[in-house]
Amino acid sequence: MNDRALIARVVVDDDQHAFATLVRNYQQGIRQFLRRLTAGDHALADDLAQEVFLLAYKKLSNFRAESSFSTWLHSIAYRSFLNDRRKPHYTHEISAELIIAEPTITVNPEQDILIERLMQYLSVAERTCVTLAYSAGMSHQEIVVVAGLPLGTVKSHINRGKQKLIDLVQQSEPQKRSTS
Amino acid sequence: MNVSTEQDLKQLLSYNDRLVDDRFTEVVLHRLKKTQRMRQRILLIGTLCAFLMAVILVAMSSTIFQPVFSFTIKSPILFTLALIVGVGSCAWLTSNDI
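Residues numbered from 1 in each chain as written. Chains lettered and ligands numbered in written order. Predicted model: local features only at pLDDT ≥ 70, side-chain atom pairs only at ≥ 80, totals over all residues. Heavy atoms only, no water.

**Student:** Break down the overall build of chain B for me, with residues and values.
**Tutor:** Regarding its fold elements, chain B presents four helices and zero strands. Taken from N to C terminus, the helices and strands of chain B fall in the order α-α-α-α. The buried share among the 98 residues of chain B stands at 15%. Per element, the accessible surface of chain B, about 7400 Å² overall, is 69% carbon and sulfur. (Helix = DSSP H or I, 4+ residues; strand = E, 2+ residues; numbered from the N terminus. Buried < 20%, exposed > 50% of the residue type's maximum accessible area, 1.4 Å probe, protein only. Areas by Shrake-Rupley, 256 points an atom, 1.4 Å probe, with all protein chains shown as cover.)

Right, here's the structure in full:
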């Protein structure tokens with residue numbers, strides 16, 4: 001059964017099995033996206049992912065299929081993350097210049113963990129655009145929809161974020177060699 | 001880790017963990033059911049209160065609308081507030097946003 005049919009069953013019949021299928025199909029993308037946005041805070045990312053699906057269930061009748069369901073879910077996830085970030089517990093991004101002095105940043109064999117940790121050196125807009133472009137495989141137009149930013153801004157965030165990440169990975173290479 | 005090409009970056013940033021577990025789906029559904037149960041309970045309590053109030057008012061008067069009229073005359077502000085609360089509760093309970 002495709003997404004449209006599943007969504008129709010949830011909206012019309014309040015079919016929770018259909019909704020469970022949607023959750024199963026999309027949890028990977030949403031949870032990974034939020035892990036990147038939260039820079040590796042897995043507990044927070046999963047809490048937010050649950051909120052995203054609950055919100056999606058409530059707002060499913062508003063889904064107009066102007067974008068894909070995945071894009072729509074990612075935009076909910078992005079807004080949920082921004083809302084959560086306004087709460088006082090959230091820690092701010094760290095300046096990219098601090099990476100050399102930061103002792104906890106070493107190359108981890110787990111690539112996902114490394115990337116999640118490196119994400120904290122990018123601004124929220126940069127990590128959002130870079131993750132959507134390179135990890136979720138979205139087009140620039142889809143990123144415009146998710147992040148609500150103009151196309152030019154999205155492109156410059158991607159370029160800046162990409163360059164920062166390349167620099168960070170190259171900086172952490174000597175650290176890895178010196179520690180091994 | 002050498003990141004020299006666009007392909008390297010894609011490889012570096014790709015999602016490697018497979019995050020599909022039924023536990024997550026169960027938690028989402030459990031939370032959904034909990035919200036719906038709470039909503040149903042509030043709706044039931046509201047309906048029972050309204051029914052009880054209606055029964056009392058009808059029982060206390062000789063004509064059906066007499067209690068409403070006397071309530072309006074005795075306390076128009078309270079009557080207005082009761083109406084606002086009633087209409088507001090109905091709108092809130094049916095909005096599906098609780």
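**Student:** Got a sec to walk through the nonpolar core? Specific residues and values, please.
**Tutor:** Residues Phe19, Leu34, Phe53, Phe69 and Leu73 of chain A are the most contacted members of the largest nonpolar core, which totals 63 residues. At 10 residues, helix α2 (residues 16–37) of chain A tops the list of elements feeding residues into this core. Leaving out residues up to four positions away in the same chain, Phe19 of chain A has contacts with Val10, Phe53 and Tyr57 of chain A together with Val28, Leu29 and Leu32 of chain B. (Core = buried A, V, L, I, M, F, W, Y, C linked by side-chain atoms within 4.5 Å. Contact = heavy atoms within 4.5 Å.)

**Student:** Would you mind going over the packing of aromatic side chains in detail, with residue names and values included?
**Tutor:** Residues and elements named next belong to chain A. Counting across every chain of the model gives six aromatic pairs over all chains. With centroids separated by 5.1 Å and ring planes inclined at 75 degrees, the aromatic side chains of Tyr26 and Phe69 adopt a geometry described as edge-to-face. Of this pair, Tyr26 sits in helix α2 while Phe69 sits in helix α4 (residues 69–85), and the two are 43 residues apart along the sequence. Of the two residues examined, Tyr26 and Phe69, each falls in the buried class. Ring geometry for Phe63 against Trp72: centres 5.1 Å apart, planes inclined by 50 degrees, an arrangement best described as tilted. Trp72 matches Phe63 in its accessibility class, with the two residues each being buried. One aromatic cluster in this structure is built from Tyr26, Phe63, Phe69 and Trp72. (Phe/Tyr/Trp six-rings, centres within 6.5 Å; stacked < 30°, edge-to-face > 60°.)

**Student:** Kindly report on the interface of chain A and chain B, identifying the contributing residues and their values.
**Tutor:** Where interface size is given, it is often the accessible area lost as the parts come together that is meant. Counting residues at the interface gives 40 residues for chain A and 29 residues for chain B. In total, about 3500 Å² of surface goes out of reach between chain A and chain B, with carbon and sulfur atoms giving 58% of it. Inspection of the chain A/chain B interface yields three salt bridges. Remark: the boundary between chain A and chain B carries 10 residue pairs in polar contact (both at pLDDT 80 or more). Of all the elements in the fold, those that place two or more residues in the side of chain A that touches chain B are α2, α3 (42–59), α5 (111–118), α6 (124–135) and α8 (151–179) of chain A. (Buried area = accessible area lost by both parts, 1.4 Å probe. Salt bridge = Lys/Arg side-chain N within 4 Å of Asp/Glu carboxyl O. Polar contact = N/O pair within 3.5 Å; in protein donor to acceptor, adjacent residues only side chain to side chain.)

**Student:** Let's hear about a positive patch on the surface: which residues, and what values?
**Tutor:** A contiguous patch of positive charge, built from Lys33, Lys34, Arg37 and Arg41 of chain B, is present on the exposed surface. Within the fold, Arg41 of chain B resides in helix α2 (residues 22–60). (Patch = residues over 30% accessible without salt bridge, like charges linked within 9 Å, V, L, I, M, F, W, Y side chains within 5 Å. Lys, Arg positive; Asp, Glu negative; His and termini not counted. Charge placed at Lys NZ, Arg CZ, Asp CG, Glu CD.)

**Student:** Describe in detail the packing of α3 of chain A against α2 of chain B, supporting the description with residues and values.
**Tutor:** Orientation of α3 of chain A relative to α2 of chain B, taken along the N-to-C sense of each, is 50 degrees, at an axis distance of 10 Å. If you check the angle between α3 of chain A and α2 of chain B, you find them oblique. Regarding α3 of chain A and α2 of chain B, the two cross each other, and that crossing is right-handed. Mapping the contact onto sequence places Asp46, Asp47, Ala49, Gln50, Glu51, Phe53, Leu54 and Tyr57 of chain A in α3 of chain A and Phe24, Val27, Val28, Arg31, Leu32 and Gln36 of chain B in α2 of chain B. By residue class, the composition of the contact of α3 of chain A with α2 of chain B is eight nonpolar, two polar and four charged. (Axes fitted to C-alpha atoms, helices over the stretch in contact; angles between N-to-C directions. Parallel < 35°, antiparallel > 145°, perpendicular 65-115°, else oblique. Left-handed = near helix turned anticlockwise from the far one by under 90°. Nonpolar A, V, L, I, M, F, W, Y, C, P; charged D, E, K, R; others polar.)

**Student:** Describe the pattern of salt bridges, listing the residues and the values that go with them.
**Tutor:** Counted under the stated rule, the structure contains seven salt bridges over all chains. Across the pair Arg24 of chain A and Asp22 of chain B runs a salt bridge, and its minimum N-O distance is 3.4 Å. Of this pair, Arg24 of chain A sits in helix α2 while Asp22 of chain B sits in helix α2, each in a different chain. Arg24 of chain A gets classed as partly exposed once you look at its relative accessible area, which sits at 35%. A salt bridge links Glu51 of chain A to Arg31 of chain B, with the shortest nitrogen-to-oxygen separation between them at 2.3 Å. Separated into two different chains, Glu51 of chain A in helix α3 and Arg31 of chain B in helix α2 make up a pair that spans both. By relative accessible area, which is 25% here, Arg31 of chain B ends up partly exposed. A single network of salt bridges, built from pairs that share partners, joins Arg31 and Asp46 of chain A together with Asp21 of chain B.

**Student:** If you had to explain the environment of Leu149 of chain A to someone new, which residues and values would you point to?
**Tutor:** Checked against the element boundaries, Leu149 of chain A lands in the loop between α7 (140–147) and α8. It is 18 Å that separates the C-alpha atoms of Leu149 of chain A and Phe33 of chain A, two residues lying 116 residues apart in sequence.

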